[in-house]
Amino acid sequence: MTPEAQAALHAKCFTTPRPWSAAEFASLAPSSFTLSHPHGFLLGRVVADEAELLTLAVDPAARRQGIARHLVETFKSTAAAQGASTAFLEVAADNTAAIALYRATGFEPAGRRRGYYRRADAPALDALVLRCAIDTQ
């Protein structure tokens, strides 16, 4: 999936956090990996033995079909194959659907970043930091 396609889908999916630009996706390409699906994608990276799920986007018209769950599970196995034993992510504290997905795929609360997501017309929103042990076997 091209950075332009990623940015277009990201814009359909996010207002908080703000959608990323094609240039931002392109800048992450050398240090990350993309898992693609015809209706979504996940961007992740592995540094040493830690993985980070950077973003996950599924077309709103294709949600509730298991695409996001598949991408998260594939992220975990891809990260394990690259040597990660733990995965982290940040999610907007009000994104209940995403939080439920991440909890269902093994992520647990690890912290909170107060005021992490800046918003133009509303108070800043907290990010929840979630953590998951990755099965490396």
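Structure: above.
So, a few notes on the structure that sits alongside this text. In this text, all values refer to a predicted model and were calculated from it rather than measured experimentally. (Residues numbered from 1 in each chain as written. Predicted model: local features only at pLDDT ≥ 70, side-chain atom pairs only at ≥ 80, totals over all residues. Heavy atoms only, no water.)

**A few points about the packing of aromatic side chains**
Here is step 1 of the chain: Using the criterion set out here, one finds 5 aromatic pairs in the structure.
Here is step 2 of the chain: Consider the rings of W20 and F25, whose centres lie 5.2 Å apart with planes at 45°: the pair is tilted.
Here is step 3 of the chain: Pairing F33 with F75 gives two aromatic rings, centres 6.0 Å apart and planes at 20°, and the pair type is stacked. Of the two residues, F33 is situated in strand 1 (residues 33-37) and F75 in helix 3 (residues 67-81); the sequence distance between them amounts to 42 residues.
Here is step 4 of the chain: F33 sits in the buried class, given a relative accessible area of 11%.
Here is step 5 of the chain: Judged by its relative accessible area of 0%, F75 falls in the buried class.
Here is step 6 of the chain: Taken together, W20, F25 and F41 form an aromatic cluster joined through their ring pairs. (Phe/Tyr/Trp six-rings, centres within 6.5 Å; stacked < 30°, edge-to-face > 60°. Helix = DSSP H or I, 4+ residues; strand = E, 2+ residues; numbered from the N terminus. Buried < 20%, exposed > 50% of the residue type's maximum accessible area, 1.4 Å probe, protein only.)

**A word on the layout of surface pockets**
Here is step 1 of the chain: Approximately 840 Å³ is the volume found for the largest pocket.
Here is step 2 of the chain: For the largest pocket, the lining is made up of 33 residues, of which L56, N95, A98, L101 and Y102 are closest to its centre.
Here is step 3 of the chain: Those elements that place two or more of their residues in the lining of the largest pocket are helix 1 (3-13), strand 3 (50-58), helix 3, strand 4 (86-92), helix 4 (96-104) and strand 5 (108-117).
Here is step 4 of the chain: In terms of residue count, strand 3 provides more of the lining of the largest pocket than any other element does, 7 residues in total. (1 Å grid on protein atoms, 1.4 Å probe; cavity = no way out; pocket = protein on both sides within 12 Å on 5 of 7 lines; lining within 4 Å. Points joined across faces, edges and corners; volume = space filled by probe spheres on them.)

**What to know about the environment of A100**
Here is step 1 of the chain: Within the secondary structure, A100 is located in helix 4.
Here is step 2 of the chain: The spatial distance from the C-alpha of A100 to the C-alpha of I67 is 14 Å, given a sequence separation of 33 residues.

**Here's the deal with the side chain of K76**
Here is step 1 of the chain: Among the secondary structure elements, K76 is positioned in helix 3.
Here is step 2 of the chain: Sequence-distant contacts of K76, defined by excluding residues within four places in its chain, comprise T105, F107, C132 and I134. (Contact = heavy atoms within 4.5 Å.)

**A word on the nonpolar core**
Here is step 1 of the chain: Counting residues in hydrophobic clusters, the biggest one holds 29 residues, and the most contacted among them are L56, F75, Y102 and F107.
Here is step 2 of the chain: Mapped by element, the contributors of at least two residues to this core are strand 1, strand 2 (40-47), strand 3, helix 3, strand 4, helix 4 and strand 6 (125-133).
Here is step 3 of the chain: Counting residues per element, this core draws most heavily on helix 3, at 7 residues.
Here is step 4 of the chain: Apart from residues lying up to four places away in sequence, Y102 is in contact with L53, L56, V72, L89, V91, F107 and L130. (Core = buried A, V, L, I, M, F, W, Y, C linked by side-chain atoms within 4.5 Å.)

**So, the sheet that holds strand 4**
Here is step 1 of the chain: Taking strand neighbours across the sheet as the criterion, the 6 strands line up as 1-2-3-4-6-5 in an open arrangement whose pairing is mixed. Only two strands of the sheet have a single neighbouring strand rather than two, namely strand 1 and strand 5. Here the strands of the sheet are splayed against their neighbours by 25° on average, with no regard to which way each runs.
Here is step 2 of the chain: The sheet contact formed by strand 3 and strand 4 spans 4 bridges and is parallel. Along strand 4, the bridge assignment pairs A51 with A87.
Here is step 3 of the chain: Packed onto the sheet, helix 1 meets strand 1, strand 2 and strand 3 and runs at close to 75° relative to strand 3.
Here is step 4 of the chain: Along the sheet, helix 4 contacts strand 3, strand 4, strand 5 and strand 6; its crossing angle with strand 4, the most-contacted strand, is approximately 165°. (Pairing = 2+ DSSP bridges. Axes fitted to C-alpha atoms, helices over the stretch in contact; angles between N-to-C directions.)

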